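# Understanding the architecture of this molecule
Spelled out from the first residue to the last, the chains are:
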Amino acid sequence: MIAGEGRRLIAQIVLDRKLIFYSGLEELWAPMASVSKVSILDYFNIVFEGENGKIESNCKACGTRIQAKRSVTSNFVTHLKRKHQAMYDDFVKRKDMKREGYSSGSLHTFTTNGGNARCCLPINAGAGGGGGGGAAAGGMGTLEGGVGGISGGRVTKFDRHDPRQVLISEAIAKMIVRDLQPVSVVENQGFRELLQLLEPRYTPEPQHYIQSQLLPAYAYQAQLATRQALASAHALSLSLDLWRGLAGATSGYLGVTCHFLTSDWQMRSALLACLPLSGGSSGHRVLSDFDEVCHSHGVSGRAYRIVADAFLSTTAPKPCSLPGFLISPHLANSQGGDDEAEVDGGNDADQTSRNGHGEGGEGGEWEDTLEQSLGVSRVDCFSRCLEQCVREGLRSCPQLSSTLAKAACFYNYITSAVPPEKLSQVFDSPGSMVGGPGNITNAPMDWATQLKVLRRLLDSVEFLEEMSGPGELSLDGTERSLLRELIDTLEPFTEAWDMVHGDRQADAQTDRHVSISLALPCVLGLRKHLAETSAPHCPPLSAGLSQAVERLLAPILENPLYITATTLDPQFKLTWSSNPDWHRQVLIEELSKHSPASSPIDLNTDLHPQSQTPPAPAPSPVSSLSRPCKLFSFIKQRPATQAKSLEQELAVYLREEPTDEEALHYWRRKDIDFPLLSQVAKQAFTIPAGGTVVESIFTTAGHCLLPGRGCVLPKNLETLIYLKANYRLLWT
């Protein structure tokens, strides 16, 4: 009886298990049935279908005719991705939903009391099984090989043109570009294992495909987009950047950046080219390459000014930094004595780099070439001149080095000894704590960033000394006074630097453009500050800064270009002028040179001027209703409208009160009221006051790729730099 009862119990268990299994099949087929077939052709109207599966379709959104085969749909996918991003996203979403439906339908989880998962059933579990035992055994099987796209226990890989495959490959390329990684990273075993874990269906692209096809294709797309944007640009200026001293197959790179005003009055910048320089590249050869880049992008004869100064580095770029202030042992080891020698005692070694001309050296040849080839079209970069003033001021005061080194040691000690929750009370703002535990960066720190850290340190030095313990690397009163004097003396320089550069911690790809209209007011402010500053603890610092400002920045005050740009900035006008009548006359003379009938700078024939007239602004629409003579006879006849002269426009403009309105927004609004002034304003505001994106990339790459850093030099680095500089153009 007991045996019979046991058999009945076993039979009941088997029956219950079969019922659960078949009810599970009904549930798992339900989501699969609800997912309809997804095809890229859903977004196109097929107008013709020929032999061998050839079809012609019109895009439902824009009507573009596309020819392809039914079996090869990459043309359709590419069209949606480039022209109709929302439709492309919808297509990818539907494809993913379909896969998820099959994935969820391919697995069914048994649950016991309490909802704990016990086992999984693949779709083919028990299929073709014979008896109940076989069915049960099949139903109890487990899945190997991951999730989704499963056939016979193996993962089904994406097709080469599958949107998900393309999307992941693009994400990998973006990572390589953004981080300037060598393309060989895709062959690393750890990287491939990570991809397999995240998406088993993805087939990793080989290194040679990314190197020779994918990245050049993105570069070609960027070139097409740039040429198209420049074709309709209202005004433009160019920047020329050189990076020399890279260890490797080449001696450096040439970067050509265009700053242009779009038809909707938006300021944009794009890197036109990044070209490798050979070891024997002379100044004439560099400018010849520069001219070829201008011709290929259709900007010859259109550039208002060319930013190319004598501070273009002839060695690997190094940021100006406070002498001896090496934050964190990590950065001290990586930057070593190079930065300290650069500011402290490397006068002879650094002479060519910082002045752009040595005694009979390559720098002198380069500066002479600039003067001969570019002439009046050349403009010095304001931010480089500003940094050079700080560099020379710090070099004039060598006694700062020992005190700054002690302050750096104290900072390094407290960031390692004081609990993070206590440090957050002092270094609470973004970027105020640099180089601490968990916050070590490979990016080089400039003098402005270091000064902000030093200010926070001095503002809370008593609190920090109490937290770190008595007598631990404390700063005495004289040292604190010296450091406070350094901070106060350089504070206006820091403010000017921040206005030009903004937040250096922000994304480097942000298209932030600051025009040279800020330069002249900044110079006046620096002059006034240094004249009123007393430096009892460090007199050479103030004297060195004053001499550098007079030599490098004071000429801006009498330069007609800067006077024009500052006056046409509605927040300044002539409020800065101590002699408005003289400056007004200078302004009229400069404006008359660049009125619509004048000639912009030409790069077509050896970079010399050539006549070219910009298009006249479109006239305002006139009412189509004519005025009846008798009906409106009581209204006085209006005098014939005459165009205002340049002097009249300027007089009306200067009578208006200054405004904080953004300059380009103001001139877009006033384009009709001041047509002559607005034409010059468009051109003047294209000249940048700060460095370019590629200059920042050069500095970062130089810090990471110099010998001794342990980094691998990426092949075709110029392509990576070009794509990184144009990242916003491609992927934002």
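Description of the structure in this document. A quick note: this is a predicted structure, and the numbers were derived from the prediction, not measured.

## Regarding the environment of E187
Topologically, E187 is positioned in the loop between α5 (163–178) and α6 (189–198). Among the residues examined, E187 registers a relative accessible area of 36% and is labelled partly exposed. Aside from chain neighbours lying at most four places away, what touches E187 is R192, P206 and Q207. A polar contact of 2.8 Å, which involves the side chain of E187, links it to the backbone nitrogen of Q207.

## Points about the sheet that holds strand β11 (residues 303–307)
Neighbouring strands of a sheet are bound in pairs by backbone hydrogen bonds; such pairs are parallel or else antiparallel. Spatially, 5 strands are ordered β10-β9-β8-β11-β12 in an open sheet, and the strand pairing comes out mixed. This sheet does not close on itself; its edge strands, each paired only once, are β10 (267–277) and β12 (378–379). As defined by bridge partners, β11 adjoins β12 across 2 bridges and the pair is classed as parallel. Along β12, the bridge assignment pairs V307 with V379.

## Comments concerning the pairing of strand β9 (residues 252–261)
Counting buried positions over the 10 residues of β9 gives 10, a clear majority of the element. Of the two faces of β9, the one carrying G252, L254, V256, C258 and F260 and the one carrying Y253, G255, T257, H259 and L261 are both buried. Judged from the 10 bridges that link them, β9 and β10 form a sheet pairing that is antiparallel. Each residue of the ladder has a partner; that of L261, found in β10, is M267. Connecting β9 to the antiparallel partner β10 that follows it, the hairpin turn spans 5 residues, and W265 within it adopts a positive phi of roughly 65 degrees.

## Considerations on the side chain of E392
As for its position among the elements, E392 is in helix α12 (residues 382–395). In this structure E392 comes out as buried when scored by relative accessible area, which is 14%. Side-chain polar atoms of E392 contact the side chain of R551, separated by 2.4 Å.

## Re the packing of aromatic side chains
Under the defined criterion, the tally for this structure stands at 12 aromatic pairs. Chaining the aromatic ring pairs together yields one cluster made of Y653, Y666, W667 and F674. Above the plane of the ring of Y209 lies R160, whose end atom (NZ or CZ) is 4.4 Å from the centre. A cation over a ring is seen here: R305 above Y304, with NZ or CZ 4.7 Å from the ring centre.

Analysis parameters
- Residues numbered from 1 in each chain as written.
- Predicted model: local features only at pLDDT ≥ 70, side-chain atom pairs only at ≥ 80, totals over all residues.
- Heavy atoms only, no water.
- Helix = DSSP H or I, 4+ residues; strand = E, 2+ residues; numbered from the N terminus.
- Buried < 20%, exposed > 50% of the residue type's maximum accessible area, 1.4 Å probe, protein only.
- Contact = heavy atoms within 4.5 Å.
- Polar contact = N/O pair within 3.5 Å; in protein donor to acceptor, adjacent residues only side chain to side chain.
- Pairing = 2+ DSSP bridges.
- Phe/Tyr/Trp six-rings, centres within 6.5 Å; stacked < 30°, edge-to-face > 60°.
- Lys NZ or Arg CZ within 6 Å of the ring centre and 35° of its normal.

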